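What follows is the residue order along each chain.
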Amino acid sequence: MSGANDRAGGAGRAEGGRAILHVDMDAFFASVEVREQPELRGLPVLVGGAGRRGVVAAASYEARKFGCRSAQPMAVALRHCPQAVVVPPRHELYAEVSRSVFAVFERFSPLVEGLSIDEAFIDLAGTERLWGPPRGVAEALRVAVHQEVGLTCSVGLASVKFLAKIASGMHKPDGLTEIPAGTELEFLTPLPIGELWGVGPRTQEKLQRRGIHTVGDLRRLGEAALVEMFGAHGQHMHRLSLGIDERAVVPDRAAKSLGHEDTYAVDVVGVPALRRCLLSQATRVADRLVAQGLKARCVCLKIRDGQFVTETRQTTLPRATDDYRELHGAACRLLEAVDTDGRGFRLTGVSVSQFEAPEREVQLDLLASAAPEPPPRSAALQAVLSAVRERHGHQALFPAEAGSQRRLGDTGGVTHSRAVEPAKRRR
């Protein structure tokens, strides 16, 4: 195993300072497929759907040399690299391999925060007596992942999370980059502003019109000017430009959000059609909330047009819910903030976060009626609908307002659903 090992800056880590790793598996899905099929080694490999609306889930580094990348339309990737081998994704296999990788991480520290199936932050606090200096731990972790799982990873080592994440991408694949404590500003100053978290294309364009191209330029602009331009987000960018990131590594395996999105074989045009798509997705999200005994307060809309322009909107509800109608209503209100005129949309999605734990049991009131209060009608209805779909499949029962229609799944395949009229109210 070889890799580009780099020390970005001067002196070693300050005594008592934080040491945080960001570990990112290299081209994870593609690398797993090559491990399972050695005959693919050295070939350009694309994992994803091969249909007209297929999307690249992962590209091997051999494919990346031709301009292929994840989230790219498969048709575009194959134009760049016609000789690429396209492999359909096997998500159960990737989840199993991910569990093996995280088991290695957790041997080195109990403070492991998974960001996705193939990347994590690891806080090395308190591990020095067992494993030695942080850089040695990073090197040993890379070796262990390679020997035990048969894959390579790239590691960033820094005193704060966002710097560790930037560092892990500096020398991919199979690299290790350390930003020693005390050299953070030296490392940040020449970086393009797009390297900072939260600086997307539009923010970057606005800053560049002001002559701001590097993190050093951003820092010199000053907090007051950034707040005037971007509000609270400007303050956030200023703190990052100073290397300030106070977030702790939180070893929480519980999901922080859940959702459902679909990519459509034919672009969806018009608000009524989009609202029907969101209804399907809100229904699926509600079913998952019910299945996990959760309610959520934050609803997020994701929408992508035919030109691959992606927009997100989110709102916080006054109370947590697992009712599909409330989720759908929130998503539709968010849709009103999207310019839909003259645009066709290839993807929509609804997700939720800010979960509420199940309500705790409370002591009974001795003066209250002996019979427990029944759940609200809406909650009871949602529970029944979710239970039916869990047993017979999502398409077995569907809100009437969605209409009877053919539904396009996230791989472009067509499924069918029947609309079922809600039961009439009892008199």
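Everything below is about the structure printed above this text.
To start, this report covers the structure provided alongside it. The model shown is predicted, which means the values in this text are computed figures rather than measured ones.

## Digging into the overall build of the protein
Helix and strand content of the protein: 15 helices and 17 strands. In the protein, which comprises 427 residues, the share counted as buried stands at 44%. Pairs at least 24 apart in sequence give 65% of the contacts found in the protein among residues at least 6 apart. About 22600 Å² of surface is accessible on the protein, with carbon and sulfur atoms providing 52% of the total.

## Quick look at the sheet that holds strand β3 (residues 45-48)
On the basis of which strands lie adjacent, the open sheet formed by three strands has the order β4-β3-β5 and mixed pairing. Each edge of the sheet is formed by a strand with only one pairing partner; in this case those strands are β4 (56-59) and β5 (85-87). Neighbouring strand axes in the sheet, compared pairwise and without regard to direction, differ in orientation by 25° on average. Here β3 pairs with β5 via three bridges, running parallel. When the sheet's bridge partners are listed, Leu46 is paired in β5 with Val86. Packed onto the sheet, helix α1 (residues 28-36) meets β3, β4 and β5 and runs at close to 115° relative to β3.

## Brief notes about the nonpolar core
The biggest cluster of nonpolar side chains holds 38 residues, and the ones touching the most others in it are Leu21, Phe105 and Leu141. For this core, the secondary structure elements donating two or more residues are β2 (20-25), α1, β3, α4 (91-108), β7 (119-123), α6 (134-149) and β8 (153-158). In terms of residues, this core owes the most to one element, α4, which gives eight residues. Apart from the residues lying within four places of it in its own chain, the contact partners of Leu21 are Ala120, Phe121, Ile122, Leu124, Ala138, Leu141, Val155, Gly156, Leu157 and Ala164.

## Here we look at helix α13 (residues 271-292)
Between its first and last C-alpha atoms α13 spans 31 Å; for 22 residues at 1.5 Å apiece the expected length is 32 Å, and the two agree. Count one or two residues on from α13 and you reach Gly293, which has phi positive near 65°.

## Regarding the environment of Arg79
The topology assignment puts Arg79 in helix α3 (residues 74-80). Through-space distance from the C-alpha of Arg79 to that of Phe66 is 9.5 Å; in sequence the pair is 13 residues apart.

Cut-offs used in this document
Residues numbered from 1 in each chain as written. Predicted model: local features only at pLDDT ≥ 70, side-chain atom pairs only at ≥ 80, totals over all residues. Heavy atoms only, no water. Helix = DSSP H or I, 4+ residues; strand = E, 2+ residues; numbered from the N terminus. Buried < 20%, exposed > 50% of the residue type's maximum accessible area, 1.4 Å probe, protein only. Contact = heavy atoms within 4.5 Å. Areas by Shrake-Rupley, 256 points an atom, 1.4 Å probe, with all protein chains shown as cover. Pairing = 2+ DSSP bridges. Axes fitted to C-alpha atoms, helices over the stretch in contact; angles between N-to-C directions. Core = buried A, V, L, I, M, F, W, Y, C linked by side-chain atoms within 4.5 Å. Expected span 1.5 Å × (residues − 1).

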